[in-house]
Amino acid sequence: MSGSAVSPAALLRGLKPDWLNDPKVWRTEILGGLVVALALIPEAISFSVIAGVDPAIGLFASFTMAVTIAIVGGRPAMISAATGAVALVTAPMNREHGLGYLIATVILAGVFQIALGALGVAKLMRFVPRSVMAGFVNSLAILIFMAQVPEMTDVPWAVYPLMAAGLALMVFFPKITTVVPAPLVSIVILTVITVAAGIAVPTVGDKGELPSSLPVPGLPDVPFTLDTLTTIAPYAFAMALVGLMESLMTAKLVDDITDTRSSKTRESIGQGIANIVTGFFGGMGGCAMIGQTMINVKVSGARTRLSTFLAGAFLMVLCIVFGPVVSDIPMAALVAVMVMVSFTTFDWHSIAPKTLKRMPAGEIAVMAITVAVVVATHNLAIGVVVGSITAMVVFARRVAHLAQVTAVTDPDHATVVYLVTGELFFASSNDLVGQFDYATDPKKVVIDLSAAHIWDASSVAALDAIETKYAQRGKTVEITGLNEPSAHLHGKLSGELTASH
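The following refers to the structure shown. (Residues numbered from 1 in each chain as written. Predicted model: local features only at pLDDT ≥ 70, side-chain atom pairs only at ≥ 80, totals over all residues. Heavy atoms only, no water.)

### Topic: the nonpolar core
Stage number 1. In terms of nonpolar packing, the biggest core is built from 105 residues, with Ile41, Leu59, Phe136, Met284, Ile295 and Leu315 touching the most fellow members.
Stage number 2. Ranked by residues supplied to this core, first place goes to helix H2 (residues 23–51) with 12 residues.
Stage number 3. Not counting chain neighbours up to four residues away, the residues in contact with Phe136 comprise Met249, Thr250, Ile290, Thr370, Leu380 and Val384.
Stage number 4. Counting residues in each nonpolar core, the second largest holds 24 residues, with Tyr418, Tyr438, Ala462 and Leu493 among its members. (Core = buried A, V, L, I, M, F, W, Y, C linked by side-chain atoms within 4.5 Å. Buried < 20%, exposed > 50% of the residue type's maximum accessible area, 1.4 Å probe, protein only. Helix = DSSP H or I, 4+ residues; strand = E, 2+ residues; numbered from the N terminus. Contact = heavy atoms within 4.5 Å.)

### A look at the side chain of Ser428
Stage number 1. Examined against the element boundaries, Ser428 turns out to sit in helix H18 (residues 426–432).
Stage number 2. For Ser428, a relative accessible area of 2% puts it in the buried group.
Stage number 3. Here the side chain of Ser428 touches Glu423 through a polar contact of 2.7 Å, landing on its backbone oxygen.
Stage number 4. Excluding anything up to four places from it in sequence, Ser428 contacts Val399, Ala400, Ala403 and Glu423. (Polar contact = N/O pair within 3.5 Å; in protein donor to acceptor, adjacent residues only side chain to side chain.)

### Topic: the packing of helix H3 (residues 55–72) against helix H12 (residues 305–320)
Stage number 1. Where H3 meets H12, the axes come as close as 8 Å, and the angle between the chain directions of the two elements is 155°. Considering the angle they form, H3 stands roughly antiparallel to H12. As H3 runs across H12, the sense of the crossing is left-handed. Counted together, Leu59, Phe60, Ser62, Phe63, Ala66, Val67, Ile69, Ala70 and Ile71 of H3 and Arg305, Thr308, Phe309, Gly312, Ala313, Leu315, Met316 and Cys319 of H12 form the full contact between these two elements. (Axes fitted to C-alpha atoms, helices over the stretch in contact; angles between N-to-C directions. Parallel < 35°, antiparallel > 145°, perpendicular 65-115°, else oblique. Left-handed = near helix turned anticlockwise from the far one by under 90°.)

### A few points about helix H6 (residues 130–148)
Stage number 1. The end-to-end C-alpha distance of H6 is 28 Å, a good match for the 27 Å that 19 residues give at a rise of 1.5 Å each.
Stage number 2. Among the 19 residues that make up H6, 14 are buried, leaving the element largely enclosed by the rest of the structure. (Expected span 1.5 Å × (residues − 1).)

### Thoughts on the packing of helix H7 (residues 159–176) against helix H14 (residues 331–345)
Stage number 1. For the pair H7 and H14, the least separation of the axes is 8 Å and the interaxial angle reads 50°. It follows from the interaxial angle that H7 and H14 lie oblique. Relative to H14, H7 is oriented so that their crossing is right-handed. Contacts from Val159, Leu162, Met163, Gly166, Leu167, Met170 and Val171 in H7 reach Ala332, Val335, Ala336, Val337, Val339 and Met340 in H14.
Stage number 2. Across the contact of H7 with H14, the residue classes tally to 12 nonpolar, 1 polar and no charged. (Nonpolar A, V, L, I, M, F, W, Y, C, P; charged D, E, K, R; others polar.)

### Description of the pairing of strand S6 (residues 476–480)
Stage number 1. Of the two faces of S6, the one lined by Val477 and Ile479 is fully buried and the one lined by Thr476, Glu478 and Thr480 carries no buried residue.
Stage number 2. Where strand S5 (residues 444–454) and S6 come together, 5 bridges link them in parallel fashion. The residue bridging Ile447 from the neighbouring strand is Ile479, located in S6.
Stage number 3. Taken together, S5, helix H19 (residues 457–471) and S6 constitute a β-α-β crossover, and its handedness is right-handed. (Pairing = 2+ DSSP bridges. Right-handed = clockwise from strand over helix to strand, strands pointing away.)

### Here's the deal with a nonpolar patch on the surface
Stage number 1. Taken together, the side chains of Leu214, Val317, Ile320, Val321, Phe322 and Val325 make up a nonpolar region of the molecular surface, amounting to roughly 510 Å² of accessible area.
Stage number 2. For Val321, the position within the fold is in the loop between H12 and helix H13 (323–327).
Stage number 3. Its relative accessible area of 55% is what places Val321 among the exposed residues. (Patch = residues over 30% accessible without salt bridge, like charges linked within 9 Å, V, L, I, M, F, W, Y side chains within 5 Å. Areas by Shrake-Rupley, 256 points an atom, 1.4 Å probe, with all protein chains shown as cover. Salt bridge = Lys/Arg side-chain N within 4 Å of Asp/Glu carboxyl O.)

### Brief notes about the pattern of salt bridges
Stage number 1. Inspection of the entire model under this criterion finds 4 salt bridges.
Stage number 2. The residue Asp255 makes a salt bridge to Arg75 at a minimum N-O spacing of 2.6 Å. With Asp255 in helix H9 (residues 226–258) and Arg75 in the loop between H3 and strand S1 (80–81), this residue pair connects regions lying 180 residues apart in the sequence. Accessibility assignment for this pair places Asp255 and Arg75 in one class, buried.
Stage number 3. The network of salt bridges with shared partners includes Arg75, Asp255 and Lys264.

Shown next as structure tokens:
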């Protein structure tokens, strides 16, 4: 063998990502993971309440989702855990059939997500317009804030100065140093103050009991029959769609923030694997968490899979080893973190008067409708679907008016040439038939489509209708200037779309 042999240590160094050799990156990722883990605890517990299950089931789900997605996911630094959107979908299953059926639903949803990922559902993300994305981000910020409102109402007066102090620390501490994430500093200082001064305010412990041991894998307690499958399949498919949509939208947002690209197909399949693993460990399932992802990426500055993995690992360590300490964290500290997250998540530029003045009215309407639907339904997936459909309608209406017809009669009045300009599809072709002068035109009519494009059967049917109307008056029509795709479509469908032919 020629050349010098490569040592195992050198080979390992070559396989390791560059950031593993950078202590600064390590510090950012470790502290980012710790802040996310602290913020996950009350969220996971409250989502367990929505799903109607024991708090430990939400915490186990957050642990297994984060650890698994850190390895198999397609978007580094994105946090996946138990979420409100998934809890809302699966809550009726738990209520009507019990925990065993909910866990079976989570596993089947994971299978659906792998199948959808393999089929390329991630490619549909390019049909989500920017105005819907802005609406998604803004509605998300509103939902994160609204979720904190119950923690600010009917509480002891001391909660308010603690929250104000927490917000002030997060605003001003980064001006001193960014070595330690400001949210972590805020949580530690407020916990020390409340415990040392004996201030009676709601704490994490009031939300529910933290688990004292790791989850154990097992099969869901359901009969393995066709009847069970037909019961859980609709809920599993709904959960798969909601989870994928929220995860892919969050991944797209992180791509924009970090100026990097991620594999949406890998992320889709990864979400499925994470939900299957979570189901077998008795968790309630989940998807990407926008609030926690924003803490990790935007506030803490994390960029790698390490922070995601550590968020899950720290979550279990905090619950099992430091349970009594974590239980003493005042909710005011975590609420302040989430309020800060909602404020930084909101796209303030999108509602600035200068931006609104320049934006087309249709795009502003799409953004507003997306926000309104998400806030009304508390479901990001429904808002994105409604927003995207609205955007398509707005686009179709705008493009429909772009098809124009101008007529030029030759000097001897024996021929008239109609020049059609624009895109011909179902919306624009409806008006096309009425733009020709059938009664007074000469015997020969030429329709020049060199500046147009035929997109669908509706346009071919409209051209057939024009030819028929002229033929009824004994006049001939010649269609010229078709580009290759238009000529192919016209040749294939012309004369085949009406019963009279």
